[in-house]
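As a plain string of letters, each chain reads:
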Amino acid sequence: MSSQRNQGGIVRIKELAMHVKHKVNLLGVVLEFSIPRKSQGTDYVCVLKIVDDSQQSPELLVNIFTSSIDQLPRVLSPRDLILLKNVMIKKHQAELSAVFYKDSSSFALFDGNSGSNLLPYQSSPQRFEITEAEERRINVLRQWCVGFEFSSGSNDYLLSLKDISEHRYFDLVCKVFHVSYDDSKGLWMLFVWDGTDVPPLSIPGKLEDEEHNPLPLHIESSPLDLETLRNFFPVGTVLRVSTDRSYENFGRYFTATGKWVRIRNMSCQVSSGMWHGLLQSSSKIRLFSDNDNVVWDYMRRFRERISGGHGHMPIWTDPSSQFLTEVDWVNVASVTLMKIATQLQGNVRCCCIVRVVSIHPFQAEHYSSPNGSSEYTMKLTLEDPTARIHALLCGKEWVKFFGGSPPPDVLTKKIKMLLGMPEHEDGNDDTVRNPPWIKCFLHLKESDGGRNRVYYIRWTKLVTD
């Protein structure tokens, strides 16, 4: 009796070598998928990787072509099943794959949970009928999924956010907090997190540009609303990841918001001293459930981080670090800028570990008013791995911070130290700054029912000796 007859017309993946250049029916667990996009021709395309109880490695590649993007499969959850009918089996350099043709193939997607109904949540527009034998096979595969630990993918290209670098393709296991469309850039953007901090970057450009072209506070053209930001973890970098223009309908067909995923074949670039992730046309998504071992491992490491000695400190510092500053209260735990910006309310004070990436005005001569230091106001752009904000240093707190009212040459030296500038450079030069970490207290003041939030640096002194 043939394997097709044994499986009610369904061929197991392990037996596909006997069906090269023939059309068959397949049932598999979807482990990975690409986002639907326009092909190089007139069709739309997505790529799946599937397995079944006969073979989990290598995973079978399935190329699906349709005349409309709405006809491509949209996998909703980890371990969902796909029934593919009349797909062609091909072989290239000993690797098998299946091809779904828009005019003769069909598919149906099913919830992978054991005990779910046998109605597909999506199917091809062609008439799709499921036989009793196929229903039995679906139930068998669902039951098999219950006790099987699926692969999270190879570790060959896997990186954490703390290990990223420019112009390098890599995989990232992360949680997708949010997806939105950036109207100004005409691109979709994902906001992803893995519990670690991106590496600190040098800051290019001229300080004199701050007046008319200040450093942006975020990659996205407009800031996210506070309600959305409060859904992000306040510790660990939330990386902004942009799609390329081939993903014109990305947000409509991306089904992993709020879920853990593995993004395969992405890259990063630096923009205004901030990390910016990029999805490629060849990028793929692997879904995980919250109970998968890989997710448990990432969350375990995150819990160990925040409960250990680091707490909310950037991972690039530690409690024994020597900072350029001293604060009035030394035993106060630090919090992140994201925590302050999204979760704290009212007139509160917080200790933070940050870098000063810009100062305006930066010229020491600006701080020599004949009316005294009470009029001095300096705007500092602060950053940590979670956010950038503007903070003001004013009046008596300015005097405390800089140790009195130093002459211009001394003040210039202190400002350069704070910004990580070479001594021989001035703010008019197109140079690179490498700001050191400092510890400071921020005083948050709110007005207009919390809609206006102003941050002041207080109770902090710069130590240069």
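All figures in this text were calculated on a predicted structure; none of them were measured in a lab.

Chemist: Any chance you could explain the environment of leucine 287 here in plain terms?
Modeler: Considering the arrangement of structural elements, one finds leucine 287 in strand S15 (residues 274-288). On the basis of relative accessible area, leucine 287 is assigned to the buried category, the value being 8%. Once the C-alpha coordinates of leucine 287 and valine 261 are considered, the two residues, 26 residues apart in sequence, prove to be 4.6 Å apart. Not counting residues within four places of it along the chain, the set of residues in contact with leucine 287 comprises Leu31, Phe33, Val75, Leu76, Ser77, Pro78, Ala256, Lys259, Trp260 and Val261.

Chemist: What is the right way to read the pairing of strand S13 (residues 238-242) from this model?
Modeler: As a general feature of sheets, a regular strand has side chains that alternate between the two faces. With five of its five residues buried, S13 lies for the most part within the structure. Side chains Val238, Arg240 and Ser242 project from S13 onto one buried face, and the interleaved Leu239 and Val241 project onto a second face that is buried too. In this structure, strand S11 (residues 187-193) lies alongside S13, joined through five bridges in antiparallel fashion. Counted as the bridge partner of phenylalanine 191 is arginine 240 from S13. When S13 meets S15, the two strands line up parallel, connected through two bridges. From the neighbouring strand, serine 242 faces S15, where its bridge partner is leucine 278.

Chemist: What is the right way to look at the packing of helix H7 (residues 395-402) against helix H8 (residues 408-419) in this model?
Modeler: To characterise two packed helices, one gives the angle between the axes of the helices and the distance between these axes. Where H7 meets H8, the axes come as close as 11 Å, and the angle between the chain directions of the two elements is 85°. Taken together, H7 and H8 sit at an angle that is classed as roughly perpendicular. Touching Trp398, Phe401 and Phe402 of H7 are Leu411, Lys414, Ile415 and Leu418, all from H8. By residue class, the composition of the contact of H7 with H8 is six nonpolar, no polar and one charged.

Chemist: Whenever I open this one, the packing of aromatic side chains confuses me. Can you help?
Modeler: Note on aromatic pairs: each is described by the distance of the centres and the angle between the planes. Overall, the coordinates contain 24 aromatic pairs when judged by the stated rule. With a centroid separation of 6.1 Å and an interplanar angle of 65°, the aromatic rings of tryptophan 193 and tryptophan 260 are classed as edge-to-face. Of the two residues, tryptophan 193 is situated in strand S11 and tryptophan 260 in strand S14 (residues 260-271); the sequence distance between them amounts to 67 residues. Tryptophan 260 carries the same exposure label as tryptophan 193, and that label is buried. Ring centres of tryptophan 193 and phenylalanine 302 lie 4.9 Å apart, and the angle between their planes is 80°; this geometry places the pair in the edge-to-face category. Placement of the pair is tryptophan 193 in strand S11 and phenylalanine 302 in helix H5 (residues 293-307), with a sequence separation of 109 residues. For the pair shown, tryptophan 193 and phenylalanine 302 are each scored as buried. Through pairs of rings, three or more aromatic residues link up here, namely Phe177, Phe191, Trp193, Phe232, Phe233, Trp260, Tyr298 and Phe302. Across the ring face of tryptophan 459, the terminal group of arginine 349 is positioned such that the distance to the ring centre comes to 5.6 Å.

Chemist: What am I meant to see in the pairing of strand S19 (residues 387-394) here?
Modeler: Summarising the sheet, strand S18 (residues 377-384) and S19 pair through eight bridges and their orientation is antiparallel. The partner of leucine 382 across the bridge, within S19, is isoleucine 389. Here S18 hands over to S19 after two residues, the two strands then running antiparallel side by side.

Chemist: Just checking my understanding: could you explain the pattern of salt bridges for this structure?
Modeler: Where charged atoms of side chains with opposite charge meet at close range, the side chains can pair. Applying the stated criterion across every chain, the model contains 22 salt bridges. Note that glutamate 59 is salt-bridged to arginine 286, the shortest N-O span being 2.7 Å. On the criterion of sequence distance, the pair formed by glutamate 59 in strand S4 (residues 55-66) and arginine 286 in strand S15 is long-range, its members being 227 residues apart. We classify arginine 286 as buried; its relative accessible area is 4%. As a salt-bridge pair, arginine 252 and aspartate 70 come within 3.1 Å of each other at their nearest N and O atoms. Taken together, the positions of arginine 252 in helix H4 (residues 250-253) and aspartate 70 in the loop between S4 and strand S5 (81-92) put the pair 182 residues apart, joining distant regions of the chain. Owing to a relative accessible area of 55%, arginine 252 belongs among the exposed residues under this scheme. You can call aspartate 70 partly exposed: its relative accessible area is 36%. Residues joined in a network through salt bridges with shared partners are Glu32, Glu59, Asp171, Arg262, Arg264 and Arg286.

Chemist: Would you take a moment to explain H8 for this structure?
Modeler: It helps to recall that an α-helix has 3.6 residues per turn; residues three or four apart then point in one direction. Here H8 is twelve residues long and its end C-alpha atoms lie 16 Å apart, about the 16 Å a rise of 1.5 Å per residue gives. Buried within H8 we find Leu411, Lys414, Ile415, Lys416, Leu418 and Leu419. Glycine 420 sits one or two positions beyond H8 and adopts a positive phi of about 70°.

Chemist: Even after reading the chapter, I still don't get unusual backbone geometry, so can you show me in this structure?
Modeler: Glycine aside, a negative phi is what most residues show, and trans is what most peptide bonds show. Here serine 57 and proline 58 are connected by a cis peptide whose omega angle stands at 0°. With respect to the helices and strands, the residue proline 58 is situated in strand S4. Of the consecutive residues histidine 360 and proline 361, the connecting peptide bond is found in the cis state with omega at -10°. By secondary structure assignment, the location of proline 361 is in the loop between strand S17 (348-360) and S18. Its identity as a non-glycine residue notwithstanding, glutamine 93 has a phi of 50°, on the positive side. Structurally, the position occupied by glutamine 93 is in the loop between S5 and strand S6 (95-100). Note on glutamine 93: relative accessible area 73%, which makes it exposed. With a phi close to 55°, serine 272 is a non-glycine residue in the positive phi region.

What counts and what doesn't
- Residues numbered from 1 in each chain as written.
- Predicted model: local features only at pLDDT ≥ 70, side-chain atom pairs only at ≥ 80, totals over all residues.
- Heavy atoms only, no water.
- Helix = DSSP H or I, 4+ residues; strand = E, 2+ residues; numbered from the N terminus.
- Buried < 20%, exposed > 50% of the residue type's maximum accessible area, 1.4 Å probe, protein only.
- Contact = heavy atoms within 4.5 Å.
- Pairing = 2+ DSSP bridges.
- Axes fitted to C-alpha atoms, helices over the stretch in contact; angles between N-to-C directions.
- Parallel < 35°, antiparallel > 145°, perpendicular 65-115°, else oblique.
- Nonpolar A, V, L, I, M, F, W, Y, C, P; charged D, E, K, R; others polar.
- Phe/Tyr/Trp six-rings, centres within 6.5 Å; stacked < 30°, edge-to-face > 60°.
- Lys NZ or Arg CZ within 6 Å of the ring centre and 35° of its normal.
- Salt bridge = Lys/Arg side-chain N within 4 Å of Asp/Glu carboxyl O.
- Expected span 1.5 Å × (residues − 1).

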